[in-house]
Amino acid sequence: EPEVTQTPSHQVTQMGQEVILRCVPISNHLYFYWYRQILGQKVEFLVSFYNNEISEKSEIFDDQFSVERPDGSNFTLKIRSTKLEDSAMYFCASRPGGGDTEAFFGQGTRLTVV
Amino acid sequence: LAKTTQPISMDSYEGQEVNITCSHNNIATNDYITWYQQFPSQGPRFIIQGYKTKVTNEVASLFIPADRKSSTLSLPRVSLSDTAVYYCLVGSPLTGGYNKLIFGAGTRLAVHP
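Anyway, here's the lowdown on the structure attached to this text. Please read all numbers here as calculations on a predicted model, not as lab measurements. (Residues numbered from 1 in each chain as written. Chains lettered and ligands numbered in written order. Predicted model: local features only at pLDDT ≥ 70, side-chain atom pairs only at ≥ 80, totals over all residues. Heavy atoms only, no water.)

### A closer look at the sheet that holds strand β8 (residues 75–79) of chain A
Residue and element names in this part refer to chain A. Stated precisely, the cut-off is as follows: In this scheme, strands are said to pair when DSSP sees at least two bridges between them. Secondary structure elements follow DSSP: runs of H or I of four or more residues count as helices, runs of E of two or more count as strands, with numbering from the N terminus. Between N-to-C directions, angles cover 0 to 180 degrees, with each direction set by a line fitted to C-alpha atoms, over the stretch in contact for helices.
With respect to topology, four strands assemble into an open sheet ordered β1-β3-β8-β7, the strand pairing being antiparallel. Of all the strands in the sheet, the pair left with one neighbour each is β1 (5–7) and β7 (65–68). Along the sheet, successive strands turn relative to each other by an average axial angle of 20 degrees, direction set aside. Note that β1 and strand β3 (residues 19–24) share three bridges and pair antiparallel. Counted as the bridge partner of Thr7 is Arg22 from β3.

Below you can see the structure in the form of structure tokens.
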């Protein structure tokens with residue numbers, strides 16, 4: 001069964017450092033998403049991406065965040081200068097598109113900022 | 001996007017049927033109702049989706065009354081492995097409602113032996 005894969009599974013970084021979280025969505029899917037979940041809290045929407053551009057973004061997704069689909073298969077989330085409060089699980093998801101509502105989520109990357 | 005309201009938590013025992021109701025009073029004509037399940041430290045997983053009446057798949061049933069202002073996810077004969085958080089989402093994939101996939105607080109289901 002096809003799946004969304006995320007790397008790394010766990011990343012520890014120092015405050016102020018840049019991190020790049022990587023995702024390989026399911027082939028032929030058209031919509032891509034990044035979410036985060038702070039420990040014990042709900043899943044929060046960050047950004048959605050379609051047709052090589054951001055289609056929606058939340059208030060959380062400020063200038064410190066950026067997304068890219070550099071080569072047609074990878075989908076990355078970059079945090080330019082990490083803060084302690086960026087520590088969370090980050091989930092990537094993809095959806096086929098059109099009327100298909102099922103989004104497939106990856107296993108997540110646990111980001112710890114120290 | 002229609003706002004959803006679910007119970008914060010529920011408890012059940014192995015072998016029982018569990019029904020989780022979600023209220024979505026402002027659901028729009030084009031909106032679908034989708035349920036996701038999330039285990040600790042894992043990404044949400046799609047369970048079921050419906051528009052009206054009843055939908056059934058191998059893991060759950062979804063009941064939607066005629067006014068569509070609520071929906072009920074039914075899990076037959078739950079086991080310990082069904083302990084998870086269950087999210088109800090409402091939106092239309094055809095009008096941009098699925099550009100966000102907003103998750104609420106969900107319902108934390110605990111299944112006891």
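### Quick notes on the sheet that holds strand β3 (residues 32–38) of chain B
The strands that make up a sheet pair up through hydrogen bonds in the backbone, lying either parallel or antiparallel. Residue and element names in this part refer to chain B. Across the sheet, five strands lie side by side as β1-β9-β8-β3-β4; this open sheet has mixed pairing. In this open sheet, the two strands that pair with only one neighbour each are β1 (9–13) and β4 (45–50). Here the strands of the sheet are splayed against their neighbours by 25 degrees on average, with no regard to which way each runs. In the sheet, strand β8 (residues 84–91) pairs with strand β9 (residues 107–112) via three bridges, with the strands oriented antiparallel. The residue bridging Val85 from the neighbouring strand is Arg108, located in β9.

### Section: the pairing of strand β6 (residues 61–64) of chain B
Residues and elements named next belong to chain B. Note that strand β5 (residues 53–56) and β6 share four bridges and pair antiparallel. Considered in β6, the bridge of Lys54 is made with Phe63. The turn joining β5 and β6, which pair antiparallel and follow one another in sequence, is formed by four residues. Connecting the antiparallel pair β6 and strand β7 (residues 70–75) is a turn made up of five residues, with Arg68 showing a positive phi of about 60 degrees.

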